[in-house]
Amino acid sequence: MGYWSDWSIPILVTTAAGFTYITMLLILALCHIAVGQQMNLHWLHKIGLVTTLITTVVTMSSIAQLWDDEWEMVFISLQATAPFLHIGALAAVTALSWLVAGQFARTEKATSQMLMFTAYLAVVVALYLVPLAISSPCIMEKKALAPRPAILGHRGAPMLAPENTLMSFQKAVEQKVSGVQADVVLSYDGVPFLMHDKTLRRTTNVEELFPERAYEHCSMFNWTDLEKLNAGEWFLQNDPFWTAGSLSRADYLEAANQSVCKLEDMLEVIKDNTSLILNFQDLPAAHPYYSTYINITLETILASGIRQQAVMWLPDTERQLVRQVAPGFQQTSDLKLDAERLREKGIVKLNLRYTKVTNEEVRDYSMANLSVNLYTVNEPWLFSILWCAGVPSVTSDSSHLLRKVPFPIWLMPPDEYHLIWITSDLISFLVIVGVFIFQNYHMIRWRLGSIRTYNPEQIMLSAAVRRSSQDVKIMKEKLIFSEINNGVESTDELSFCSENGFANELVTPTDTKLRIN
C-alpha cells in the first residue's frame, strides 16, 4: 500500500476482548450448571454474543481473502503445540466430568442420560486417540537432530536498523549471520541500489522532497535524487518491530540519518563475512536499462571482489548468461518444482516461504542434494520446528534473537512421548470413572442393592442433593403416593437421613389429603 499499517494490533485486541467476554459467560454458565440452577441469559448478553459471532465471521472471511497463505500457520503451529495442547485439553475435559456426572445424576429420563453420556464419551475417546494424528518433527531422538540452520539477515537486520540501509547490513554482520538477503533495483541513470517496494513512499521521505513523484516507480529516479532522500526516519516514527525504543542514543541518531544504499556499498560491508541472496525488481518498459539491468548488476557484483560461491542468484532472467559469466554463483530458484526438474535447470538451492514446503519435501530435496532456504522466520518456536525438520537455512528479520537459540525449544524422544500420552489417558480415565461413581452413588446403590421394589422417584430423590426445593417437593409427593399405592403401612421408609440434605419428617395419608386439597 506504500505506507506502514500494523493490522495485527486491532485484530488481536478485538479478538482478545471478544473471547474474554465469551469465556466469562461460559464460566458463569458452568457455575449455574454446577449448582443446578436454570440459565437465563440477559438480552444484553444475547446482543453481545451475536455481535461477537458476526465480528468473528467477518474477520475470518477477511483474513481468508487477504492473507490466504496464513492458514498454513495453523498446521505449523500445531506441530509446536499439539502435544501440550492435548494434555491441557485432556485436563479440561477430565475436570468437566464433575459437571457432566452431576447433570447425569439429576436427569430423570434415561434417554437424556444416554445421549449426554454418549456425547461426553465420544469427546473423551477422541481426545484419547488424538496423539495418533499428531505429527511433530520435534518428536525425535536427539542424535537424529540436524545441524543448526544457518541464519540469513532479511534486508540486513531490520529490527535493529532501517531495512536495506548500510546500517542494517552492518548490524547483520555484527550479529555474525551466515548471509544476508537484499532487494536490488536499477536507478534511471544505471546505478544499482537497494529497495524492496516499487515506490519510495514507505521507507523514504519522498513525499516531502518530491511530492509530485511520490507514486513513480523507484527506478525512474536518478541517483542524484535518490541520495538526497532520508531512508531512516520512517523506521523511528513507525517502529515496525517495536524495537526503536531499545536503540542506544548513538544507534538512534545513526538510524535517523540513513540514506538509500548502493549495492556497491553493501557489498563492501559483507563481502568478507557473509553470503548473499539477491532478489530483483522488474523495471518498467520505459526504463533506459530495461534490457541490460542484469548485466550492469552482475558487473557490480563481480567488481566488488565477493566470492562467487557466496552469491545465491535468484532471478530466472538471463540465468544462462549468469552461468557463463559467473559459473561459481549458486543458482537459486523461488519456484517449488520436483527435484529432477530443478536439477535439469541447474538449480542447487531453493528459496521458499516456510508455509509452501512440508517436512517430507525438505527431506526429499535434501536427498537430491538440493538445499532449502525458508523465509521469513522470526520466532524462536518456528525456528525450532524448522530445525527439527532438517531445514538447512532460514531468512529472518530477528537474526539477533535466533542466534541466541542454541537448541530447539523442546525435543522429545518418541518413547517418552508415548509414555506421557498413555499415562495421561489412564489417569484421566480413572478420574472420570471415579467422579461418575461418586456423583451417581445413590443410583448405583439402588440398582445393585437387594431392594424389593424398584422406585425411580426415591432413587432420584436420594440423588437430588443439589436440586431446587420445588423439584424436591414434587418428588416427595410422587414418592408418597407410590408408597401408599403399594400398601406401605409404615412411614419409616419415608424419612430421609440427614446425609441426603433433608430433615426427617413424618408424613401421614391425612397430611397428603390436606396437601392435595
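Worth saying up front: this structure is predicted, and the values here are computed from it rather than measured. (Residues numbered from 1 in each chain as written. Predicted model: local features only at pLDDT ≥ 70, side-chain atom pairs only at ≥ 80, totals over all residues. Heavy atoms only, no water.)

Caption draft 1: Main features of the overall build of the chain. Each helix and strand counted, the chain has 21 helices and 9 strands in total. Counting contacts in the chain only where the partners sit at least 6 residues apart, residues at least 24 apart contribute 62% of the total. For the chain, the computed accessible surface area is about 28100 Å², with 60% contributed by carbon and sulfur atoms. (Helix = DSSP H or I, 4+ residues; strand = E, 2+ residues; numbered from the N terminus. Contact = heavy atoms within 4.5 Å. Areas by Shrake-Rupley, 256 points an atom, 1.4 Å probe, with all protein chains shown as cover.)

Caption draft 2: Inspection of the confidence of the model for the chain at higher detail. Per-residue confidence for the chain averages 85 on the pLDDT scale, and 84% of its residues sit at or above 70. pLDDT under 50 marks residues 450–454. Its contacts with residues more than four places away, or in other chains, come to 5 contacts. Below pLDDT 50 for its whole length, residues 488–517 participates in 38 contacts with residues either more than four positions away or in separate chains. (pLDDT = per-residue confidence, 0-100.)

Caption draft 3: Just unusual backbone geometry, in detail. A cis geometry characterises the amide bond from Tyr-375 onward to Thr-376, with omega recorded as -25°. If you trace the backbone, Thr-376 turns up in the loop between strand S8 (371–375) and helix H15 (380–388). Not every positive phi belongs to a glycine, and Asn-369 is a case in point at roughly 60°. Tracing the backbone shows Asn-369 in the loop between helix H14 (359–367) and S8.

Caption draft 4: Representation of the packing of aromatic side chains within the structure. As enumerated under the stated definition, the model contains 14 aromatic pairs in all. Arranged with centres 6.3 Å apart and planes meeting at 45°, the rings of Phe-193 and Trp-223 form a pair that is tilted. In this pair, Phe-193 is assigned in strand S3 (residues 192–194) and Trp-223 in helix H7 (residues 223–226), connecting sequence segments 30 residues apart. Judged by relative accessible area, Phe-193 falls into the buried class, the value being 0%. Considering the side-chain rings of Trp-387 and Phe-407, the 6.3 Å spacing of their centres and the 65° angle between planes classify their relative orientation as edge-to-face. Of this pair, Trp-387 sits in helix H15 while Phe-407 sits in the loop between helix H16 (399–402) and helix H17 (414–439), and the two are 20 residues apart along the sequence. The exposure class assigned to Trp-387 is buried, which follows from its relative accessible area of 4%. By relative accessible area, Phe-407 is classed as partly exposed at 34%. (Phe/Tyr/Trp six-rings, centres within 6.5 Å; stacked < 30°, edge-to-face > 60°. Buried < 20%, exposed > 50% of the residue type's maximum accessible area, 1.4 Å probe, protein only.)

Caption draft 5: The pattern of salt bridges, seen in detail. By the definition in use, this model includes 14 salt bridges. Two residues, Arg-155 and Asp-183, come together in a salt bridge whose shortest N-O distance is 3.4 Å. A residue pair is termed long-range when its members are at least 10 positions apart, and Arg-155 in the loop between strand S1 (150–154) and helix H5 (166–174) and Asp-183 in strand S2 (residues 179–186) qualify at 28 residues. The exposure class of Asp-183 is buried, given its relative accessible area of 4%. Between Asp-225 and Lys-228 there is a salt bridge, and its shortest N-O distance comes to 4.0 Å. (Salt bridge = Lys/Arg side-chain N within 4 Å of Asp/Glu carboxyl O.)

Caption draft 6: Up close: the pairing of strand S9 (residues 393–396). On S9, burial covers both faces: Ser-393 and Thr-395 on one face and Val-394 and Ser-396 on the other are all buried. As paired strands, S1 and S9 are joined by 4 bridges and run parallel to one another. Its bridge partner being in S9, Leu-152 is matched across the sheet by Thr-395. Summarising the sheet, S8 and S9 pair through 2 bridges and their orientation is parallel. Its bridge partner lying in S9, Asn-373 is registered against Ser-393. Chirality of the crossover, the property in question, places the unit of S8, H15 and S9 among those that are right-handed. (Pairing = 2+ DSSP bridges. Right-handed = clockwise from strand over helix to strand, strands pointing away.)

Caption draft 7: The UniProt feature "transmembrane region" (unreviewed entry) in the chain, seen in detail. Per the UniProt entry, the sites bearing "transmembrane region" (unreviewed entry) are residues 12–35, 47–67, 73–102, 114–134 and 419–438 in this numbering. The annotated region residues 419–438 carries 100% helix and 0% strand content, and the separation between its end C-alpha atoms amounts to 28 Å. (UniProt positions renumbered as here; feature names shortened; annotations may be inferred.)

Caption draft 8: Spatial organisation of the nonpolar core. Counting residues in hydrophobic clusters, the biggest one holds 47 residues, and the most contacted among them are Met-266, Ile-270, Leu-276, Leu-278, Ile-301 and Trp-313. Every element with two or more residues in this core is listed here: H5, S2, S3, H7, helix H10 (263–270), strand S4 (275–280), helix H11 (293–304) and strand S5 (311–313). Beyond its immediate sequence surroundings of up to four residues, Ile-301 is in contact with Leu-263, Leu-267, Leu-278, Ile-306, Val-311, Trp-313 and Phe-329. Met-73, Leu-342, Leu-374 and Leu-402 belong to the second-largest nonpolar core, a separate cluster that totals 36 residues. (Core = buried A, V, L, I, M, F, W, Y, C linked by side-chain atoms within 4.5 Å.)

Caption draft 9: Region of interest: the pairing of S4. Of all the 6 residues making up S4, 5 are buried; the element is thus mostly covered by neighbouring parts of the structure. Pairing geometry for S2 and S4, over 6 bridges, is parallel. Among the inter-strand pairings, Val-180 is bridged to a residue of S4, identified as Leu-276. Where the polypeptide runs from S4 across H11 and back to S5, its parallel neighbour, the crossover connection is right-handed.

Caption draft 10: Structural detail: a nonpolar patch on the surface. A surface patch of nonpolar side chains, amounting to about 570 Å² of accessible area, comprises Met-114, Phe-117, Leu-121, Val-125, Leu-129 and Leu-132. Among the structural elements, Met-114 can be located in helix H4 (residues 110–129). Residue classification places Met-114 among the exposed positions, given a relative accessible area of 52%. (Patch = residues over 30% accessible without salt bridge, like charges linked within 9 Å, V, L, I, M, F, W, Y side chains within 5 Å.)

Caption draft 11: Molecular detail of the environment of Ile-306. Its location among the elements puts Ile-306 in the loop between H11 and S5. Considered as a pair, Ile-306 and Asn-273 are 33 residues apart in the sequence and their alpha carbons are 9.5 Å apart. Those residues within four positions of Ile-306 in sequence are excluded, and the remaining contacts are Leu-267, Ile-270, Lys-271, Thr-274, Leu-276, Ile-301 and Val-311.

Caption draft 12: Structural context of the packing of H4 against H17. Two elements in contact, H4 and H17, have axes whose closest approach is 10 Å; the angle formed by their N-to-C orientations is 165°. Of the possible angle classes, the one that applies to H4 and H17 is roughly antiparallel. The interaxial crossing formed by H4 with H17 has right-handed handedness. For the pair H4 and H17, the contacting residues are Phe-117, Tyr-120, Val-124 and Tyr-128 in the first and Trp-421, Asp-425, Ser-428, Phe-429, Ile-432 and Phe-436 in the second. Of the residues in the contact of H4 with H17, the class split is 8 nonpolar, 1 polar and 1 charged. (Axes fitted to C-alpha atoms, helices over the stretch in contact; angles between N-to-C directions. Parallel < 35°, antiparallel > 145°, perpendicular 65-115°, else oblique. Left-handed = near helix turned anticlockwise from the far one by under 90°. Nonpolar A, V, L, I, M, F, W, Y, C, P; charged D, E, K, R; others polar.)

Caption draft 13: Examining the side chain of Ser-396 more closely. Along the chain, Ser-396 falls in strand S9. Of the residues examined, Ser-396 reaches a relative accessible area of 0% and is grouped as buried. Of the polar contacts made by the side chain of Ser-396, one reaches the backbone nitrogen of Ser-398; its length is 2.9 Å. The residues contacting Ser-396, other than those within four sequence positions of it, are Ile-151, Leu-152, Gly-153, His-154, Thr-376, Val-377, Asn-378 and Leu-402. (Polar contact = N/O pair within 3.5 Å; in protein donor to acceptor, adjacent residues only side chain to side chain.)

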